[in-house]
Amino acid sequence: MIKKTYVQNIAKCAMAAVAAVSLASCSDSYPGLEYNGNNSVISNEESYDKTPIMVFINPQNFFSIAATRSGGTGPFEGLSNKKYEKSRFYVFAFRGTKDKPEHGNLTYEPDLSRTRFAPGFTPDEDNDDCLVDGKEDYNYGLMAKLTNDYPGAFDFISEKENGEIVSDQVYYSTANQKDVGYNFFAYHIDNLVQTAVPHRGVQNTQEISYDLTIDGTQDIMCGYAPWLTSEVLKDDQNMSNMTEDERQDILNLGLYSTFAAHRGINPTVNLTHQLVRLDFKAYPGDEEVERITITGVEVEAPNKGTLVVASANPHVASQNYRPIGYHPDPESMTYIPLKGKADNGEECGEFEYVDGVGWWKEEYKGLPYTKRGDPKPVGGSIMIPEQETYNIKLKFKQKDKNGNDLGDLYANYNVKLSNGGFLKGHQYTISIVVYGRKPIAVTANIENWIEEEGDIPVNGDKDPADVDIRND
């Protein structure tokens, strides 16, 4: 048998692009593609030695990427190539189901404790269970970054001891090509290694999870590629290039395989935010607003929980499998402080005091607070688990009419929506209306990471009253 490099790969390269993402360079997409045999055309039944694994994330809700450093770096938002280059994602892929009798002989449930790469463990050479996991660390998946060429496409990478980042390439199974399908998972956690306690091994063969302690600055995202159905693939141009038998083979298996990748069907992970994002803005309440300086904001929420990033069966709700996503520990309720903004993917800064000097104008009288000029931002963003309501502690300093400092004060507020609870993946703006002689008012309205029509006002211009203000 003669091994040759397949140079006529232009058509195959075009098939490899998913409908939502166009590949920028055909020659880069299938590096090292090889085949057995000496024919000039590869038949559908021919065996490929190397079929590159290509993974995408759904760009429907795309963000720039915050760096992974010792501290959280704020939310994913707006497009910035500088942040792109700093982000790190992690990818796992495991066999999705035990084989049907007419398919293969892997009749046991997938074992997520097995590994493809990690030293010190027995390698899964035929990818009977594990197709993708960490090369540098068994516990954290294969490292990847988003390409600069087109949104949503991953490049697998390795990080050398000197900090150098080098591109990597991994391949589908040559032993299990047509009858074995794989689930693909991806996730991102700011300051991953510092905060995540992994659970993977012989005592936990059906899922991979991390115990997390959050501080409000981490944007946590995770997800998996959907089951391959007619609906999912209805707009994929590669399906129209196949024979009916090929299409049915892919749909019958329902998962991603060497056979499907040959024909341009690649996993696109639906990556979603796992926390609620709260932003804060301050508006002037009256002409004596300069009496108030906001010195801090804290929100009560659980600061511990478990993030499930991979499961033996993510597609089916079952008491045997925890859903992919973040599961907060309700026993860990605490007040989490709002920090400052993160710039260019650096760590979130310390909270900066906000005062109202110079805000007030005479024409503001009688106007709703939202019409009183541009609000001042208060801190950065805080990301916390979803809840029905939030208790917010607002810290401030206040002077009396004679200019005497009244010391460090705080007031507690309970913020809720009129039509349900706060939802993960959604952004809510908390409006702080600052008054000189009356308690500060706190209201909320919704702006979403996930697009949704209209805002949801809470309390609007309701006059603040009966707020319990105390010395800190």
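What counts and what doesn't
Residues numbered from 1 in each chain as written. Predicted model: local features only at pLDDT ≥ 70, side-chain atom pairs only at ≥ 80, totals over all residues. Heavy atoms only, no water. Helix = DSSP H or I, 4+ residues; strand = E, 2+ residues; numbered from the N terminus. Contact = heavy atoms within 4.5 Å. Areas by Shrake-Rupley, 256 points an atom, 1.4 Å probe, with all protein chains shown as cover. Buried < 20%, exposed > 50% of the residue type's maximum accessible area, 1.4 Å probe, protein only. Arc of directions from axis to C-beta. Pairing = 2+ DSSP bridges. Axes fitted to C-alpha atoms, helices over the stretch in contact; angles between N-to-C directions. Phe/Tyr/Trp six-rings, centres within 6.5 Å; stacked < 30°, edge-to-face > 60°. Core = buried A, V, L, I, M, F, W, Y, C linked by side-chain atoms within 4.5 Å. Salt bridge = Lys/Arg side-chain N within 4 Å of Asp/Glu carboxyl O. Polar contact = N/O pair within 3.5 Å; in protein donor to acceptor, adjacent residues only side chain to side chain.

## So, the overall build of the protein
No. 1: Counting its regular elements, the protein contains 7 helices and 27 strands.
No. 2: Sequence separation of 24 or more characterises 70% of the internal contacts of the protein that already satisfy a separation of 6 or more.
No. 3: Of the roughly 21,600 Å² that the protein leaves accessible, carbon and sulfur atoms contribute 45%.

## Notes on helix H6 (residues 244-253)
No. 1: Those residues of H6 not exposed but buried are Glu 246, Ile 250 and Leu 253. Buried residues of H6 fall within an arc of 75° about the axis and therefore sit on the same side.
No. 2: Where H6 is buried, its residues contact helix H7 (258-262).
No. 3: Remark: Gly 254 follows H6 within two positions and exhibits a positive phi of approximately 80°.

## A look at the pairing of strand S25 (residues 426-434)
No. 1: For S25, a buried count of 9 out of 9 residues is recorded, marking the element as mostly surrounded by other parts of the structure.
No. 2: Relative to S25, strand S16 (residues 276-284) runs parallel, the two being bridged by 8 bridges. Paired with Leu 278 across the strands is Tyr 428, a residue of S25.

## Section: the sheet that holds strand S12 (residues 204-213)
No. 1: Spatially, the 4 strands line up as an open sheet ordered S11-S12-S18-S19, and their pairing is antiparallel. Two strands bound the open sheet, and with one partner strand each, they are strand S11 (196-201) and strand S19 (325-328). Averaged over all pairs of adjacent strands, the angle between strand axes in this sheet comes to 25°, irrespective of strand direction.
No. 2: The pairing of S11 with S12 spans 5 bridges and is antiparallel. Note that in S12 the partner of Gly 201 across the bridge is Asn 204.

## Overview of the packing of aromatic side chains
No. 1: Here the structure, examined in full by the defined rule, presents 14 aromatic pairs.
No. 2: On the numbers, 5.6 Å between centres and 25° between planes, the contact of Tyr 90 with Tyr 187 is stacked. One end of the pair, Tyr 90, is in strand S5 (residues 89-95); the other, Tyr 187, is in strand S10 (residues 182-188), with 97 residues separating them in the sequence.
No. 3: Overall, Tyr 90 belongs to the buried group, its relative accessible area being 9%.
No. 4: For the ring pair Phe 184 and Tyr 256, a centre distance of 6.0 Å and an interplane angle of 90° mean the geometry is edge-to-face. Note that Phe 184 is positioned in strand S10 and Tyr 256 in the loop between H6 and H7, a separation of 72 residues in sequence.

## Focus: the pairing of strand S24 (residues 405-416)
No. 1: When strand S23 (residues 389-399) meets S24, the two strands line up antiparallel, connected through 10 bridges. Residue Thr 389 lies in a different strand from S24, and its bridge partner there is Lys 416.
No. 2: Between the antiparallel neighbours S23 and S24 lie 5 residues, among them Gly 403 with a positive phi of about 90°.

## Examining the nonpolar core
Where a protein is soluble and globular, its nonpolar side chains tend to be buried together.
No. 1: Judged by nonpolar contacts, the single largest core of 35 residues is most densely connected at Leu 278, Phe 280, Ile 294, Val 378 and Ile 432.
No. 2: Of all the secondary structure elements, the ones that give two or more residues to this core are S16, strand S17 (292-302), strand S22 (376-384), S23, S24 and S25.
No. 3: For this core, the element with the highest residue contribution is S17, accounting for 5 residues.
No. 4: Excluding anything up to four places from it in sequence, Val 378 contacts Phe 280, Lys 281, Ala 282, Ile 294, Val 297, Leu 338, Phe 351, Val 354 and Ile 432.
No. 5: Counting 34 residues, the second largest nonpolar core, distinct from the first, contains Leu 106, Tyr 172, Ile 265 and Leu 271.

## Describing the environment of Ala 144
No. 1: Relative to the helices and strands, Ala 144 is located in strand S7 (residues 142-146).
No. 2: Spatially, the C-alpha atom of Ala 144 lies 8.9 Å from that of Ser 167, the residues being 23 residues apart in sequence.
No. 3: Not counting the four nearest positions on each side in its chain, Ala 144 is found in contact with Ser 87, Arg 88, Phe 89, Val 91, Phe 154, Asp 155, Phe 156 and Ile 157.

## What about unusual backbone geometry?
No. 1: The residue Asn 127 is not glycine, and still its phi comes out positive at about 60°.
No. 2: As for its position among the elements, Asn 127 is in the loop between S5 and strand S6 (130-132).

## Considering the pattern of salt bridges
No. 1: Applying the stated criterion across every chain yields a total of 15 salt bridges.
No. 2: One salt bridge connects Lys 178 with Asp 249, and the closest N-O pair in it is separated by 3.1 Å. Here Asp 249 lies in helix H6 and Lys 178 lies in the loop between strand S9 (165-167) and S10, a separation of 71 residues in the sequence.
No. 3: Judged by relative accessible area, Asp 249 falls into the partly exposed class, the value being 29%.
No. 4: What you see here is one network of salt bridges that share partners, running through Arg 95, Arg 114, Asp 124 and Asp 129.

## Regarding the side chain of His 188
No. 1: Positionally, His 188 belongs in strand S10.
No. 2: You can call His 188 buried: its relative accessible area is 0%.

## With respect to the side chain of Asn 127
No. 1: Given the relative accessible area of 4%, Asn 127 is considered buried.
No. 2: For Asn 127, the side chain forms a polar contact with the main-chain oxygen of Cys 130, separated by 3.2 Å.

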